[in-house]
Amino acid sequence: MKRASLQFNPAIETLPVYQPGRPIDEVARELGLQADSIIKLASNENPLGPSPRAVAAMQQALGQLHLYPDGNAFHLKRKLAAALGVEPANLILGNGSNEILEFVGHALMAPGAEVVVSEYCFAVYPIVTRLCGAELVSVPARQFGHDLPAMLAAVTPLTRVMFVANPNNPTGTLAAAADVLRLIEQVPPHVLLVMDEAYIEFLDEPQDLLPLVRRSDRPNLLLTRTFSKIHGLAGTRIGYGIGHPDVIAALEKIRQPFNINSVAQAGAGGALDDHEHVKRTRRNNSDGLRYFERELAQAGIEFIPSSANFILARVGGGERVFEAMQREGVIIRPMGIYHLPEWLRITIGTPAENGRCLSALKRALGRA
Ligand SMILES: *Cc1c(COP(=O)(O)O)cnc(C)c1O
């Protein structure tokens, strides 16, 4: 095979590659299993499926697929703004909230810029940072979660962005509300603080940062959220950023004109009306979390108490246990790329899935 002698962007050479949870179909082909015998608890997807109201709205949209989507998502933005109590000018939609994170990179990062993250942070932050040629400043975790005072202390005149996922992925940890408020108050105005709230809807009493956006007095605060998790629309790819109109306007310049397809726009609109599905999902999740915490404790398996829809369990050789469970048709996530090689991340499933996952885990550990 002839090798390409193109001068690739130097940032690409050292760029970490995102490793997604393994798709059911791929595992079925590789291991010769029936696809419908496999369960996937690897990507923090909604085990109850997509919001039924979203599905109905998406079906309605199919007949108009010959038309380009509304590039400004007029109806969805108004609906979302009303639901959040903000203005449409406070909102930007992304092809998944991952795309918003990438907009942040293009808007603020360049060679020489510094980006502050926590040691066990969401994999996309380092990827975006390196893609833009900026420097990643990784601050040691405190009990697996964010050490917010230390992250604040890591800010320099060169810092452009700080990413904080709360609850955090992959650890499930939640930062104390007082620490978050202090961070928001003290982060210097030249640093954009991105509070990634992908899992906020799973919390019983979430810390509400929206009043800060409404008052427009923290121009350097951007919240990101997604329809992928609690609404069960990961496959449609839609998320959003909430922030000061100046920041939103800058990000909007980077956005491709039709980044949100019309099916996703319709689905997100339907999901916003589906309070029942959100409620059921939240209840299933807290029951499942309690189940795992109880069972893991009983089996003597260490875990990190989680505020999200997944849980980290310490199993020793994460990769080996992952493979053993996969052979039984249970896909979970090894954490080697997150520098947690002894740990597995398990997404909370339905009660039946949770039971099957736990049995497979115990067998893999020889504790069945
Ligand atoms: C899942 C997740 C997202 C959302 O990703 P989408 O692109 O919206 O599917 C964002 N941040 C974190 C920390 C996540 O775990």
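Since we're looking at a predicted model, the values are computed, not measured.

**Brief notes about the overall build of the chain**
Okay, so step 1: Within the chain, the secondary structure is distributed over 14 helices and 13 strands.
Okay, so step 2: For 368 residues, the compact-globule formula gives about 21 Å, and the C-alpha radius of gyration of the chain, at 21 Å, lands near that figure.
Okay, so step 3: Its C-alpha atoms give the chain principal-axis dimensions of roughly 55 × 55 × 50 Å.
Okay, so step 4: The buried share among the 368 residues of the chain stands at 52%.

**Details of the sheet that holds strand β4 (residues 135-139)**
Okay, so step 1: Pairing is mixed in the open sheet, where 7 strands are placed in the order β2-β8-β7-β6-β5-β3-β4. Strands at the two margins of the open sheet, each flanked by one partner only, are β2 (91-94) and β4. Direction aside, the axes of adjacent strands within the sheet are offset by 20° on average.
Okay, so step 2: As defined by bridge partners, strand β7 (residues 221-226) adjoins strand β8 (residues 239-243) across 5 bridges and the pair is classed as antiparallel. Residue pairing in the sheet places T226 in a bridge with G239 of β8.

**Some points on the domain arrangement of the chain**
Okay, so step 1: Domain annotation of the chain identifies domain 1 (16-49 + 276-364) and domain 2 (52-272).
Okay, so step 2: Taken over C-alpha atoms, the centre of domain 1 sits 25 Å from the centre of domain 2.
Okay, so step 3: Taken together, the contacts link 27 residues of domain 1 with 27 residues of domain 2.
Okay, so step 4: Together, the buried faces of domain 1 and domain 2 total about 2,200 Å²; carbon and sulfur atoms form 68% of this surface.
Okay, so step 5: Inspection of the domain 1/domain 2 interface yields 0 salt bridges.
Okay, so step 6: Linking domain 1 to domain 2 there are 6 residue pairs in polar contact (both at pLDDT 80 or more).

**Considerations on the site of the ligand**
Okay, so step 1: Taken together, G96, S97, N98, F122, N169, D196, A198, Y199, T226, S228, K229 and R237 are the residues near the ligand.
Okay, so step 2: At 2.6 Å from an oxygen atom of the ligand is found a side-chain nitrogen or oxygen belonging to Y199.
Okay, so step 3: Per-class residue counts for the shell around the ligand are 3 nonpolar, 6 polar and 3 charged.

**Concerning the environment of G329**
Okay, so step 1: Mapped onto the elements of the fold, G329 is located in the loop between α13 (318-327) and β11 (330-331).
Okay, so step 2: On the accessibility criterion, G329 (2% relative accessible area) is buried.
Okay, so step 3: Taking the C-alpha atoms as reference points, G329 and A57, separated by 272 residues in sequence, lie 33 Å from one another.
Okay, so step 4: In this structure, G329 is in contact with L33, S37, I38, I39 and R356, ignoring residues within four places of it in sequence.

**Quick look at the packing of aromatic side chains**
The geometry of two aromatic rings is summed up by the distance between their centres and the angle between their planes.
Okay, so step 1: One pass over the full model with this rule turns up 9 aromatic pairs.
Okay, so step 2: Here Y199 and F310 contribute two aromatic rings whose centre-to-centre distance is 5.2 Å and whose plane-to-plane angle is 75°, an arrangement assigned as edge-to-face. Here the residue Y199 occupies a position in the loop between β6 (192-196) and α9 (210-214), and F310 occupies one in strand β10 (residues 310-314), the gap between them amounting to 111 residues.
Okay, so step 3: For F310, a relative accessible area of 0% translates into the label buried.
Okay, so step 4: Residues F227 and Y240 carry aromatic rings whose centres are separated by 5.6 Å and whose planes lie at 50° to one another, so their mutual orientation is tilted. Residue F227 is located in the loop between β7 and β8, and its partner Y240 is located in strand β8; the two are separated by 13 residues in the primary sequence.

**Some words on the nonpolar core**
Okay, so step 1: With 44 residues, the main nonpolar core has M162, L193, F227 and I242 as its most contacted residues.
Okay, so step 2: If you tally residues by element for this core, the top one is helix α11 (residues 262-273), at 5 residues.
Okay, so step 3: The next biggest cluster of nonpolar side chains, apart from the first, holds 33 residues, and it includes M109, V117, L251 and Y338.

**Comments concerning the sheet that holds β10**
Okay, so step 1: An order of β9-β10-β13-β12 is seen for the 4 strands of this open sheet, with the pairing classed as antiparallel. Whereas interior strands pair on both sides, the edge strands pair on one side only; in this sheet they are β9 (303-304) and β12 (333-334).
Okay, so step 2: Here β10 runs beside strand β13 (residues 343-347); their pairing, made up of 5 bridges, is antiparallel. Paired with L312 across the bridge in β13 is R345.
Okay, so step 3: Running at roughly 10° to β10, helix α12 (residues 275-298) makes contact with β9, β10 and β13 of the sheet.
Okay, so step 4: α13 contacts β12 and β13 of the sheet and is inclined by roughly 40° relative to β13.

**Some words on α13**
Okay, so step 1: Three or more residues of α13 are buried, namely G318, V321, F322, A324, M325 and Q326.
Okay, so step 2: The inward-facing, buried residues of α13 contact α2 (24-31), β11, β12, β13 and α14 (351-364).

Analysis parameters
Residues numbered from 1 in each chain as written. Predicted model: local features only at pLDDT ≥ 70, side-chain atom pairs only at ≥ 80, totals over all residues. Heavy atoms only, no water. Helix = DSSP H or I, 4+ residues; strand = E, 2+ residues; numbered from the N terminus. Rg over C-alpha atoms; globule rule 2.2 N^0.38 Å. Buried < 20%, exposed > 50% of the residue type's maximum accessible area, 1.4 Å probe, protein only. Pairing = 2+ DSSP bridges. Axes fitted to C-alpha atoms, helices over the stretch in contact; angles between N-to-C directions. Domains from an automatic or database assignment. Contact = heavy atoms within 4.5 Å. Buried area = accessible area lost by both parts, 1.4 Å probe. Salt bridge = Lys/Arg side-chain N within 4 Å of Asp/Glu carboxyl O. Polar contact = N/O pair within 3.5 Å; in protein donor to acceptor, adjacent residues only side chain to side chain. Near = heavy atom within 4 Å. Nonpolar A, V, L, I, M, F, W, Y, C, P; charged D, E, K, R; others polar. Phe/Tyr/Trp six-rings, centres within 6.5 Å; stacked < 30°, edge-to-face > 60°. Core = buried A, V, L, I, M, F, W, Y, C linked by side-chain atoms within 4.5 Å.

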